[in-house]
Amino acid sequence: MKDFKIIEILRTFKKEELKLFDKFLESPFIKSRRNLHPILEGILKYYPEFLSPELTKENLFKELFVKEDYNDKKIMNLIFDLTKAAEDFLVHKAVDEDEIGSMMYLCRAYYKTKMLDSSMKVIKGVEKIIEPNFSTSYDYFSKLKQILAYKEAYLTEQNDFDKLINIKLKYFEASATQFIIDYTELLSYKETMLQTYDKKIESNFIKSVVESFNMEKFIKLTEKASGLNTNLILLHYYRLKTVENPNDLKHYYELRDFFYKIIDTLSRSEKYFVFSHLVNYCVQQFGKNFEEVKLEGLNVYKKMIENDAFSSSESEHMQTLTYRNIIQFCLTNKDAKWMEYFINEYTEKLSPEIRNDLKNFAFADLHFMEKNFDKALEFTSKINHEFFLFKMDLKNLLLNIYYELNYTEPAFSLVDSYKHFIANSKEISELHKETIKNYLKYYLIILKIKTKQSKEDIGEMKQKIKNEKKIVFRGWMLGKLEELSKKG
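Residues numbered from 1 in each chain as written. Predicted model: local features only at pLDDT ≥ 70, side-chain atom pairs only at ≥ 80, totals over all residues. Heavy atoms only, no water.

Our next topic: the packing of aromatic side chains. By the definition in use, this model includes 37 aromatic pairs. Aromatic side chains W338 and F342 sit 5.6 Å apart centroid to centroid with 15° between the ring planes, which places their arrangement in the stacked category. Residue W338 and its partner F342 are both found in helix 17 (residues 336-346); the two are separated by four residues, about one turn of the helix. In this structure W338 comes out as buried when scored by relative accessible area, which is 15%. When the ring of Y439 is compared with that of F473, the centres are 5.3 Å apart and the planes differ by 45°; the resulting orientation is tilted. One end of the pair, Y439, is in helix 22 (residues 430-450); the other, F473, is in the loop between helix 23 (458-467) and helix 24 (474-487), and 34 residues separate them in sequence. In textbook terms, an aromatic cluster arises when at least three aromatic residues are bridged by ring pairs, as seen for F310, Y323, W338, Y341, F342 and Y346. Here the guanidinium or amino end of R268 rests over the ring plane of F310, the centre of that ring lying 4.9 Å away. (Phe/Tyr/Trp six-rings, centres within 6.5 Å; stacked < 30°, edge-to-face > 60°. Helix = DSSP H or I, 4+ residues; strand = E, 2+ residues; numbered from the N terminus. Buried < 20%, exposed > 50% of the residue type's maximum accessible area, 1.4 Å probe, protein only. Lys NZ or Arg CZ within 6 Å of the ring centre and 35° of its normal.)

Structure representation (structure tokens):
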């Protein structure tokens, strides 16, 4: 039964959600006439993994209908009804959690019953809390057009044609803005797919749209206007230019400066979206403009933290990758003071299940940077190595700690096991594998030079590492070679 949809759904529920779902089954609106509590209880005995071989239709039937012979149709009907109820619960939960969506449904209900005054009261409430947002999940412009459509119906009923014309104008402006934003997203996606995967996103229809629309001319006219829609369009356009011309840093600074200029007018999710793009751009430029973007990337993250835009909403935890990348930028810039501040103040923003491991890892990195190698090793010992999300980061750090502490045998052993881990992993991209393999190759040579097991020319080694395009810890390894050179 592990492949049944009901198992897939229940596996996502937290304990509190399971309690709510159990109560939900008592609702008179549940379409099933069957009592679904017993089969739910039977399945939940195997929560949360639901991997036990004992979880079968036959065992459930035997438990529910002790005196009856197995009837596949009967148990499948129960499973089908429970699945449908779970899907209805998901819909109910999604609507309940979406305040604006719920209000829009109420507005529609009033509208259908011709209670237009009540519909307008709801609309006023929506307008107080809705925020401009170009996130597809938020669907701002679709909601805005719904609001304007209800207002149009109300004003038509009132024969207020002066206000009606203004509402129609706003409706068309919203539609046009949505088109421009979608259009820039299309061009960005096309360019990204072409540059990253050498894949063309094309159709005759899209080709016709692109060829018939002069984006540059439109932007020049738009820049003379003012207003929220104009700012959103320009923000998208400047982002598009960074995608189309990734090696021209002037487009990056154009986007960054305009973003910072209007940042107070944007919603949290919009800020998070643009901050993420700016940081990703800096990371992509590491190999070409490292010195220019390494501090810029950290400053963008600091600005993100300053604006409470480290997640798309207040209810969401900080992503583990965001936390990890902030730590990496601090290390790259040797900014120990701000790094310690960040760890102490923002680790609690992470999801609870990863919080302690990431905090210990961050402090291990911090102590390594400050050359407190024993302390760094102590913090790595507190991490659950088997389940730690960033296994390669941890292995890299351990190798560097072993080197600094002269733990030669553990270092050689870890290099060997690391090579096997890389070779057998299907989750790591070939590009990342190559980067790590290069690091391990040079690390091993440097370790052998240090332990007098190799007489490689240090000068040649330095040059090889400098010329290597795909490698991590370049600066650290060059530093170790310099130390070895001075020792003779």
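What follows continues from the structure just given.
Here we take up the packing of helix 6 (residues 99-112) against helix 7 (residues 116-129). Each pair of packed helices can be summarised by the angle the axes make with each other and by the distance between the axes. Here helix 6 crosses helix 7 at 165°, and the two axes come no closer than 8 Å. Here helix 7 runs roughly antiparallel to helix 6, going by the angle between their axes. Every pair of crossing elements has a handedness; the one defined by helix 6 and helix 7 is left-handed. For the pair formed by helix 6 and helix 7, the contact residues are E99, I100, M103, M104, L106, C107, Y110 and Y111 on the first element and L116, S118, S119, V122, I123, G125, V126 and I129 on the second. Among the residues making up the contact of helix 6 with helix 7, the classes are represented as twelve nonpolar, three polar and one charged. (Axes fitted to C-alpha atoms, helices over the stretch in contact; angles between N-to-C directions. Parallel < 35°, antiparallel > 145°, perpendicular 65-115°, else oblique. Left-handed = near helix turned anticlockwise from the far one by under 90°. Contact = heavy atoms within 4.5 Å. Nonpolar A, V, L, I, M, F, W, Y, C, P; charged D, E, K, R; others polar.)

Turning to the environment of I233, a few remarks are in order. Within the element layout of this structure, I233 appears in helix 12 (residues 228-244). Here I233 falls in the buried class, since its relative accessible area comes to 5%. Note: C-alpha distance between I233 and N400 (167 residues apart in sequence) is 47 Å. When near neighbours in sequence (up to four residues on either side) are disregarded, I233 contacts T177, I180, F218, I219 and T222.

Further remarks concern the nonpolar core. With 118 residues, the main nonpolar core has Y323, F342, Y443 and I465 as its most contacted residues. Discounting chain neighbours no more than four positions away, the residues touching I465 are Y442, I446, I471, R474, M477, L478 and L481. In this structure, L10, I30, L40 and L82 belong to the second largest nonpolar core, which totals 27 residues. (Core = buried A, V, L, I, M, F, W, Y, C linked by side-chain atoms within 4.5 Å.)

Following both chains from N to C, one finds helix 13 (residues 249-262) and helix 14 (residues 268-284) inclined at 155°, their axes separated by 11 Å at the closest point. By the angle class used here, helix 13 and helix 14 are roughly antiparallel. Crossing of helix 13 against helix 14: the hand is left-handed. Contacts between helix 13 and helix 14 involve L249, Y252, L255, R256, F259 and Y260 on the former and, on the latter, K271, V274, F275, H277, L278, Y281 and C282. Grouping the constituent residues of the contact of helix 13 with helix 14 by class yields ten nonpolar, one polar and two charged.

The next thing to look at is the side chain of N400. Looking at the secondary structure, you find N400 in helix 20 (residues 391-404). Judged by its relative accessible area of 1%, N400 is buried. Sequence-distant contacts of N400, defined by excluding residues within four places in its chain, comprise F368, Y439, Y443, F473 and W476.

What is expected of a backbone is that most residues other than glycine have negative phi and most peptide bonds are trans. The residue after Y47, namely P48, is reached through a cis peptide bond having omega 10°. Mapped onto the secondary structure, P48 falls in the loop between helix 3 (37-44) and helix 4 (57-64). The phi torsion at N159 lies on the positive side, around 60°, for a residue other than glycine. Counting through the fold element by element, N159 comes out in the loop between helix 8 (140-158) and helix 9 (161-197).

Those residues of helix 17 not exposed but buried are A336, W338, M339, F342, I343 and Y346. Angularly, the buried residues of helix 17 cover 165° about the axis, an arc narrow enough to put them on a single face. (Arc of directions from axis to C-beta.)

As a further point, take helix 8. With 19 residues, helix 8 should reach 27 Å at 1.5 Å per residue; the first-to-last C-alpha distance of 27 Å fits that figure. Every buried residue of helix 8 is listed here: Y140, F141, K143, L144, I147, L148, Y150 and L155. Remark: N159 follows helix 8 within two positions and exhibits a positive phi of approximately 60°. (Expected span 1.5 Å × (residues − 1).)

As for its position among the elements, K462 is in helix 23. Here E482 takes part through its side chain, which lies 2.3 Å from a polar atom of the side chain of K462. (Polar contact = N/O pair within 3.5 Å; in protein donor to acceptor, adjacent residues only side chain to side chain.)

Our focus in this paragraph is the pattern of salt bridges. With the rule as written, the count across this model stands at 25 salt bridges. With its nearest N and O atoms 4.0 Å apart, the salt bridge here joins K163 to D160. We classify K163 as exposed; its relative accessible area is 52%. Residue class for D160 comes out partly exposed when judged on its relative accessible area of 23%. Salt bridges linked by common partners bring E17, K93 and E97 together as one network. (Salt bridge = Lys/Arg side-chain N within 4 Å of Asp/Glu carboxyl O.)

Nothing here speaks to function; it is all geometry.
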